[in-house]
Amino acid sequence: METVEMNSVSLKRPHSGDEDGVANADEIKRQKISEKPKTGNDSGQSIETVTEQPDKPLLEDTKNEIIPNEETEEQEEEELEDSDEDGDPESFADMMKHGLTESDVGITKFVSSHKGFSGILKERYSDFVVHEIGKDGRVSHLDDFTVPVDDEDPSEETFTVLSDEDKQRLEELQLFKNKETSVAIEVIEDTKEKRTVIHQAVKSLFPGLETKTEDRDGKKYIIAYHAAGKKALANPRKHSWPKSRGSYCHFVLYKENKDTMDAINVLSKFLRVKPNIFSYMGTKDKRAITVQEIAVLRITAQRLAHLNKCLMNFKLGNFSYKNHPLKLGELQGNHFTVVLRNITGTDDQIEQAMHSLREIGFINYYGMQRFGTTAVPTYQIGRAILQNNWNEVMDLILKPRPGAEKGYLVKCREEWAKTKDPASALKKLPVKRCVEGQLLRGLLKYGMKNIISAFGIIPRNNRLMYIHSYQSYVWNNMVSKRIEEYGLRAVPGDLTLKGATAVHIEEGEVDNYTIHDVVMPLPGFDVIYPKHKIGEAYKEMLVADNLDINNMRHKIRDYSLSGAYRKIIIRPQNVNWEVVAYDDPRIPLFTTDLDKLEGKPLPVLPTDGKFRALKMEFSLPPSTYATMAIREVLKMDTSIKNQTQLNTTWLR
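First, a word on scope: everything that follows refers to the structure included in this document. (Residues numbered from 1 in each chain as written. Predicted model: local features only at pLDDT ≥ 70, side-chain atom pairs only at ≥ 80, totals over all residues. Heavy atoms only, no water.)

1. Some words on the packing of helix H14 (residues 460-486) against helix H15 (residues 533-544)
Running from amino to carboxyl end, H14 crosses H15 at an angle of 145 degrees, the nearest separation of the two axes being 10 Å. Handedness of the H14/H15 crossing: right-handed. Within the contact between the two elements, H14 uses Tyr-470, Tyr-473, Val-474, Trp-475, Asn-477, Met-478, Lys-481, Arg-482, Glu-485 and Tyr-486 and H15 uses Lys-533, Ile-534, Ala-537, Tyr-538, Met-541 and Leu-542. Classifying every residue of the contact of H14 with H15 gives eleven nonpolar, one polar and four charged. (Axes fitted to C-alpha atoms, helices over the stretch in contact; angles between N-to-C directions. Helix = DSSP H or I, 4+ residues; strand = E, 2+ residues; numbered from the N terminus. Left-handed = near helix turned anticlockwise from the far one by under 90°. Contact = heavy atoms within 4.5 Å. Nonpolar A, V, L, I, M, F, W, Y, C, P; charged D, E, K, R; others polar.)

Shown next as structure tokens:
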């Protein structure tokens, strides 16, 4: 097999590397095989290229969600985040000149020898679909809206008996948002059956509230009140759950244009429960249509199915009751269905590229979205954390930088540079939930001399994102050096896994291994390194960064890196492809699960259309990037910087 140095490719159409359709969770404790840790907005499988939004989105835009009033501030922040998209494509392209390219983060090699060609990925959101593969190897599909029959479930009237005003008052009572200790609901057309339905509605829709019936002035009222103080808020009701039913309702979540955590937050708001009663096997990113399994503690399938009437971004189905939650990392991987539109390659080029992907695979690089999109890469912040240089950490997160950013962030950074006053900079920031806002709040609380505690206010996953980014940066660079030095064959001194343990390949064993058996370490205190030149290269790279490869323990335990192992080459499974012709770029080229449920037929495509598209399917293990697989097919730089320079009509 031949390795090919990456050259700049002249392309007519862009395809920017923003987000992957799938990401996985933090590395499973003590597991040595690298499971790319999902942190913050980091992601694990795709590539983002948008040149034209569809006239009609697959589902309604997120701004049309109905969000309960207790989250008004968050809703306003989301709207601010969505709305601050000023600037024309030319100016955006100009700003992105300051971003990263693949070579900046060590992505420089290809494994195949075919000539590259161009194509547009995600011209429509529906051009990129991800289906989760469970631990049993079953691919998740949304294909059934029916609800399991259960005599214990409340009647459908439960969901309609309360007026909007009643629901508003009950919600405020449940969340302690006013001084009232109870809410009285008058029973119109009083019957015992009607009172029973109201009791059921309050208890099922507003966990933590109890009810009783009272006579007032000859009228019947249902009185709702707190059962046991604030601790009762949104706790699943043990006494109302049938013993014969599994405690967890498992369901398939079909979503568009929202990542998994955002989706769970929305579901929890509508159900009025805490997000931590949901569990899942892996997180899926925003810029795709994704299908995955979710489990929720003691929420009925009936209540979940009712959400299909009011949620515009999601569909829930395939309900079942089980006795266990889902656990991060239990999935086998993800199956991708991808359309590359307006391709320029010849049939021979496409056949060569896809055969190579199926037979050889691609270099298992961490994709561009791992390293951020601004002129300050996330790995630089991670390096400063590992160096214990907290002033540098603060400066890198807050300092002004060239490039594409929200307007309010630019003003906040300018104020910080001018005053070094957290309170003053925070006033310029309407969106307080961003990392910059969280750090400024921490500095306001703990003072400028206690940056470590101030930084600790940022959620743990977001903090770990930075050091995982540095590990990924080292790994990418070392793998490129390894392939440059030794090619695509196993050599003495390489590492391979026996079970979960890494061992060196000895001279007499080389013929027993191929490049597909070789792993490389992410730096840490609990890994070993190759015995050839690349082992020394690791040490040299860390020394240049003022780090000691033999001492990767940090005085703050969270930032101690144990390390992990990651395969150099990934060979996708279930690879299939087809070239189709089309005339209208707005027409979908395959049907989604939702299309099938709604009975939508595939459009009839012309045999000789104006454009050609490559439809491809493949399955990848957890923590690998579909971005990098598509990069290998097209032979193109997946960075936003490169794509925007190739075509300034790139739209976000």
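Once the structure has been displayed, the description carries forward.
2. Notes on the nonpolar core
If you look at the biggest cluster of nonpolar residues, it comprises 109 residues, and the most contacted ones within it are Phe-455 and Met-616. With residues up to four places along the chain from it excluded, the contact list for Phe-455 reads Ile-385, Trp-390, Val-393, Ile-397, Leu-439, Arg-463, Tyr-466 and Tyr-559. If you look at the next biggest cluster of nonpolar residues, it comprises 26 residues, including Ile-264, Phe-270, Leu-304 and Phe-319. (Core = buried A, V, L, I, M, F, W, Y, C linked by side-chain atoms within 4.5 Å. Buried < 20%, exposed > 50% of the residue type's maximum accessible area, 1.4 Å probe, protein only.)

3. Section: the packing of aromatic side chains
A full pass over the atoms with the stated rule returns 14 aromatic pairs. Aromatic side chains Trp-390 and Phe-455 sit 5.5 Å apart centroid to centroid with 55 degrees between the ring planes, which places their arrangement in the tilted category. Linking Trp-390 in helix H9 (residues 390-398) with Phe-455 in helix H13 (residues 451-455), this pair joins segments that are 65 residues apart in sequence. Overall, the relative accessible area of 8% leaves Trp-390 in the buried class. Within the aromatic cluster, the residues linked to one another by ring pairs are Phe-371, Tyr-379, Tyr-470 and Tyr-473. Between the NZ or CZ atom of Lys-212 and the centre of the ring of Tyr-225, over which it lies, the distance is 5.3 Å. Against the face of Phe-110 rests Lys-635, its NZ or CZ located 5.3 Å from the ring centre. (Phe/Tyr/Trp six-rings, centres within 6.5 Å; stacked < 30°, edge-to-face > 60°. Lys NZ or Arg CZ within 6 Å of the ring centre and 35° of its normal.)

4. A closer look at the packing of helix H8 (residues 378-386) against H14
Where H8 contacts H14, the two axes come as close as 7 Å, and the packing angle between them is 100 degrees. If you check the angle between H8 and H14, you find them roughly perpendicular. For the pair H8 and H14, the contacting residues are Thr-378, Tyr-379, Ile-381, Gly-382, Arg-383, Ile-385 and Leu-386 in the first and Arg-463, Met-465, Tyr-466, Ile-467, Ser-469, Tyr-470 and Tyr-473 in the second. Looking at the contact of H8 with H14 residue by residue, the class counts come to nine nonpolar, three polar and two charged. (Parallel < 35°, antiparallel > 145°, perpendicular 65-115°, else oblique.)

5. A short note on the environment of Leu-443
Looking at the element boundaries, Leu-443 is found in helix H12 (residues 435-446). Along the chain, Leu-443 and Met-394 lie 49 residues apart, while their C-alpha atoms are 9.6 Å from each other. Among all residues touching Leu-443, those that are not within four sequence positions of it are Met-394, Leu-398, Trp-416, Pro-422, Met-448, Ile-451 and Ala-454.

6. Structural notes on the pattern of salt bridges
Under the definition given, this model contains 26 salt bridges. For the salt bridge of Glu-186 with Lys-219, the shortest nitrogen-to-oxygen distance reads 3.7 Å. With a gap of 33 residues between them, Glu-186 in strand S5 (residues 182-186) and Lys-219 in strand S7 (residues 219-226) connect regions that are remote in the sequence. When its relative accessible area of 33% is taken as the criterion, Glu-186 is described as partly exposed. What makes Lys-219 partly exposed here is its relative accessible area of 42%. Several salt bridges share partner residues, and in doing so they unite Asp-136, Arg-138, Glu-293 and Lys-322 into one network. (Salt bridge = Lys/Arg side-chain N within 4 Å of Asp/Glu carboxyl O.)

7. What to know about the sheet that holds strand S6 (residues 209-216)
What the three strands build is an open sheet, ordered S5-S7-S6; its pairing is antiparallel. At either margin of the open sheet sits one strand with a lone partner, and together these are S5 and S6. Mean inter-strand twist for the sheet, computed between neighbouring axes without regard to direction, equals 25 degrees. Here eight bridges tie S6 to S7, and the two strands are oriented antiparallel to one another. (Pairing = 2+ DSSP bridges.)

8. Here we look at the pairing of strand S20 (residues 611-620)
The side chains of a regular strand alternate, residue by residue, between the two faces of the sheet. Here S20 lies mainly inside the structure; seven of its ten residues are buried. The pairing of strand S12 (residues 333-341) with S20 spans seven bridges and is antiparallel. Bridging across to S20, Thr-337 finds its partner in Glu-617. Here strand S19 (residues 573-582) pairs with S20 via eight bridges, running antiparallel. Note that in S20 the partner of Tyr-582 across the bridge is Phe-611.

It is worth stressing that arrangement in space is one thing and function is another; only the former is reported here.
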